[in-house]
Amino acid sequence: MCGVVGYKGKEIKIIDIINSLKLLEYRGYDSAGIAFSYNGNLVIQKNEGKIDKLLSSFNGKYKDISSNMIIAHTRWATHGIPNDINAHPHLDCKKRIAVVHNGIIENYKELKQELINKGHVFVSDTDSEILSHLIEDFFNDNKGNNLFEVILNIVAKLKGAFAFVAIDNELQELVAVRYESPLIIGIFDNNNYIISSDIPSILRFTKKIIPLENGDIFYVNKNNEYKIWNFLVNKEVKRNIEFISWDISIAEKSGYKHFMLKEIMEQPKVIKDTLLERIDLNSYVVNLDDKVKNLIDLVIDKIDNVMYLACGTSYHAGLLGKYYTWELTNFNSDAFYASEYRYITKNINLEKILYIIISQSGETADTLFVSRELKNLGANIIGIPNVIGSSLYREFVSFPTRAGIEIGVAATKTFTAQAIAILLLNLYINSIKDEDNPILKNLIKNLNEFHIIVDKFLEDYMNIQELAIKYKDYENFLYLGRNLMYPIALEGALKLKEISYIHAEAYPSGEMKHGPIALIDSKMPTMYLVPYNELIYKNLSNIQEIKARKGKIIALVDNKSLEIVRDYVDDVIVLPYVDKFLQPILFNIALQLFAYFVADLKGLDVDQPRNLAKSVTVE
Ligand code: F6R
């Protein structure tokens, strides 16, 4: 978590760097800070709270000034509470070195003690502050003539995960190090360098980027010449400059009140893009990217199980995948939270399993660490990242979603893209075994037209907005769904929890009578997902059980189930009837809108809910 930005080159306005930092605020917003070289001095400004507070704290003082060397940081607190002192950048004793850091230095306590014994005075409770003091200490002890040489010695002492940028105001040098946390370099006008945790904040300056690899040290000297050294292989390395085709508008709200609403509305396009060239409507086949197809073809006769691993919303997509696999292939299937699977990787017959690992950011520590362990053991793995260039994308055979950058902290369009990608994988597996399957052909046809239905549905959401007004003040919600709708009940409840801070529990509908029913009364409404399918009368029985206990029910129905359900519930949200395998995706979009409107009506910070960060790079 945390977002770091660095800059070195010709003089630019520091406000430009602060604006870039703002595009990383989704990574954490407990505090913000900046340090820059100005008239020979190292100027630092930082505070608890968001970047807007940092801007107002300048009082117009430094805002319009320029600098040739700048670092900035937005924090998601791990070590030390969010306050002004724990905010980054951190300095050395002589105020010559400044550092911003994303990650955790696990052995910071012992390193800090050694430095204190040598006379260093620490001011913060963070693990990160040891970096600036270590640099100072190594210079004091002549363990390096420049920032690069010093850092090369220092990284050998560090344990944990770290992406950091350090500047030396005296030598006018900058160093950026990537280890287990992401860091990307943007290059413009030959020798101007913008460094960031993610691509959007670089796009304001350039589309030419170098995604650093694990272990890379990026060093820029006084004359703005750079080199990259990888400390894992211990030699200088050349990295290709890549061209990013994304448009900067993806990082703008484009007239919407929030990124979350914009991203919900983008879903028809996301569906179309994720399918592009992956389904062939002449022959009704799924065309997977070569590497993914080759891997599946290679293992298909050996495996008997498809296992989905992920966290949070991506886990819910994986859980939906579990149902897709059961229904569409001959294989067994399961889904696990990545953080839990880590402890049960022993005694597994890896040859029998195809792992599908899902992560929007491609940087989630819980997900990446278990994936790497499985990879080392020789497991068959397909990654589904959204962020191109992320660790999941680079280190594994990857089948990327094409949702574009998601800025709202709560995942919306990326869930939809993940569900579509997982469906495609299962359709491909199905087609290997049974090419002429009519279900397959029909589903491919329906998939192709799905974006049109979603687009039409998104044209009018008045009814959902009205229900949000009616229900926004309830303090607890129950979300129920059966079979393919169970993962959606979980995801709908998560959306409501994380952005509106309303407690919401989700269960498979059949489980309600085994305990949660005790919670039902007139103060606990149920969001019940009831599409038209063979389970409808079972759902109707559960609905009546809730009504018998004075529970209020909002039913999500389609225009086929509406008539059957209408008289038994308090309110309905009506969706178009679609293919059974697409129902979950459509129903989820309605729940995203409900959560969005509730949170907005409550006046909450929809795009940046409290305590969260979009990319969770700590375990
Ligand atoms: C919820 C949300 C999180 C993420 C989770 C995994 O709206 O965004 O639950 O889904 O942190 O993130 P990724 O998919 O980046 O691995």
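What you see as residue numbers is a count from 1 along each chain, following the sequence as written. For a predicted model such as this one, the threshold for reporting local features is a pLDDT of at least 70, and the threshold for listing and counting side-chain atom pairs is 80 or more; totals across whole chains, interfaces and linings nevertheless cover every residue. Based on all heavy atoms of the structure, the side-chain values leave hydrogens and waters out of the count.

Let us now look at the overall build of the protein chain. Numbered from the N terminus, helices here are DSSP runs of H or I no shorter than four residues, and strands are runs of E no shorter than two. A tally of helices and strands in the protein chain yields 20 helices and 27 strands. Using C-alpha atoms as the atom set, the radius of gyration is obtained and then compared with a globule rule of 2.2 Å times the number of residues to the power 0.38. Expected size for 619 residues packed as a compact globule is a radius of gyration near 25 Å; at 26 Å, the protein chain falls within 12% of this value. By its C-alpha atoms, the protein chain is 80 × 55 × 45 Å across when sized along the principal axes. Type-normalised accessible area, obtained with a 1.4 Å probe on protein chains alone, sets the label of each residue: buried when under 20%, exposed when over 50%, and partly exposed for intermediate values. Put simply, the protein chain has 619 residues, and 62% of those count as buried.

With that settled, consider helix α16 (residues 462–471). Listing the buried residues of α16 in full gives Ile 464, Leu 467, Ala 468 and Tyr 471. The buried residues of α16 occupy one face: seen down the axis, they fall within an arc of 105°. Residues are treated as being in contact if the distance between any of their heavy atoms lies within 4.5 Å. In this structure, the buried residues of α16 make contact with α15 (438–458), β23 (476–481), β26 (553–558), β27 (571–575) and α20 (583–601). Directions pointing from the helix axis toward each C-beta atom define the arc.

This part covers the nonpolar core. Take the buried residues of types Ala, Val, Leu, Ile, Met, Phe, Trp, Tyr and Cys, join any two whose side-chain atoms come within 4.5 Å, and each joined set is a nonpolar core. Core analysis: the largest hydrophobic core is formed by 94 residues, its most contacted members being Ile 296, Tyr 479 and Phe 594. Residues within four places of Ile 296 in sequence aside, it is in contact with Leu 288, Leu 354, Ile 382, Leu 425, Tyr 428, Ile 429 and Ile 432. In terms of nonpolar packing, the next biggest core, distinct from the first, is built from 32 residues, Leu 21, Ile 65, Ile 70 and Ile 209 among them.

Throughout, the term near means that a residue has one or more heavy atoms lying within 4 Å of the molecule or strand in question. Surrounding the ligand, one finds 14 residues, the nearest of these being Ser 314, Ser 359, Ser 361, Thr 364 and Glu 498. Any N or O atom pair separated by 3.5 Å or less is treated as a polar contact, with the protein-specific requirement of one donor-capable and one acceptor-capable atom, and with residues adjacent in sequence counted only for side-chain atom pairs. In this structure, an oxygen atom belonging to the ligand sits 2.7 Å away from a main-chain N or O atom of Gln 360. Between the ligand and Val 409, the relevant distance is 3.4 Å, taken from an oxygen atom to a main-chain nitrogen or oxygen of the residue. Starting from 410 Å² of accessible surface for the ligand in isolation, the protein chains cover 89%. Those elements that place two or more of their residues in the shell around the ligand are α10 (312–328) and α17 (486–500). Only the protein chains shown count as cover for residues, and all accessible areas are computed by the Shrake-Rupley method using a 1.4 Å probe.

This brings us to the sheet that holds strand β14 (residues 235–237). Sheet architecture is open: seven strands sit in the order β5-β6-β7-β8-β12-β13-β14, paired in antiparallel fashion. Each of the sheet's edge strands pairs with one partner strand only, and the pair in question is β5 (90–91) and β14. One requirement defines pairing of two strands: DSSP has to find at least two bridges between them. Sheet topology note: the β5/strand β6 (residues 97–105) ladder contains two bridges and is antiparallel. Within the sheet, the bridge partner assigned to His 90 lies in β6 and is Val 99. Orientation is described by lines fitted to C-alpha atoms, with helices fitted over the stretch in contact, and by angles between N-to-C directions that extend from 0 to 180 degrees. Sheet strands touched by helix α4 (residues 129–140): β5, β6 and β7 (160–168). Its angle to β6, the strand with the most contacts, is close to 125°.

Disulfides are covalent bonds that connect the sulfur atoms of two cysteines. Note on disulfides: each one is a pair of cysteine sulfur atoms within 2.5 Å. Enumeration over the complete set of coordinates arrives at zero disulfides. Of the cysteine sulfurs around Cys 311, a residue in no disulfide, the closest is that of Cys 2, at 18 Å.

Moving on, we come to unusual backbone geometry. Only a minority of non-glycine residues have a phi that is not negative, and only a minority of peptide bonds are not trans. The omega torsion of the bond from His 88 to Pro 89 falls at 0°, within 30 degrees of zero and hence cis. With respect to the secondary-structure elements, Pro 89 resides in the loop between β4 (66–75) and β5. In this model, Asn 224 sits at a positive phi of 65°, which is unusual for a non-glycine residue. Looking at where Asn 224 falls in the secondary structure, it is placed in the loop between β12 (216–220) and β13 (226–230). Given a relative accessible area of 14%, Asn 224 falls into the buried group. A positive phi angle is found at Asn 483, which is not glycine, with a value near 60°.

Now for the sheet that holds strand β1 (residues 3–13). The strand order across the open sheet formed by eight strands is β3-β2-β4-β1-β10-β9-β11-β15, and the pairing between neighbours is antiparallel. Only two strands of the sheet have a single partner each, and these edge strands are β3 (41–48) and β15 (242–243). Packing against the sheet, helix α1 (residues 14–22) makes contact with β1, β2 (31–38), β4 and β10 (192–196), and its axis sits at approximately 155° to β1.

With that settled, consider the domain arrangement of the protein chain. Domain delimitation in this document rests on an assignment produced automatically or drawn from a domain database. Segmenting the protein chain into domains produces domain 1 (3–245), domain 2 (259–457) and domain 3 (462–601). The distance between the C-alpha centroids of domain 1 and domain 3 comes to 46 Å.

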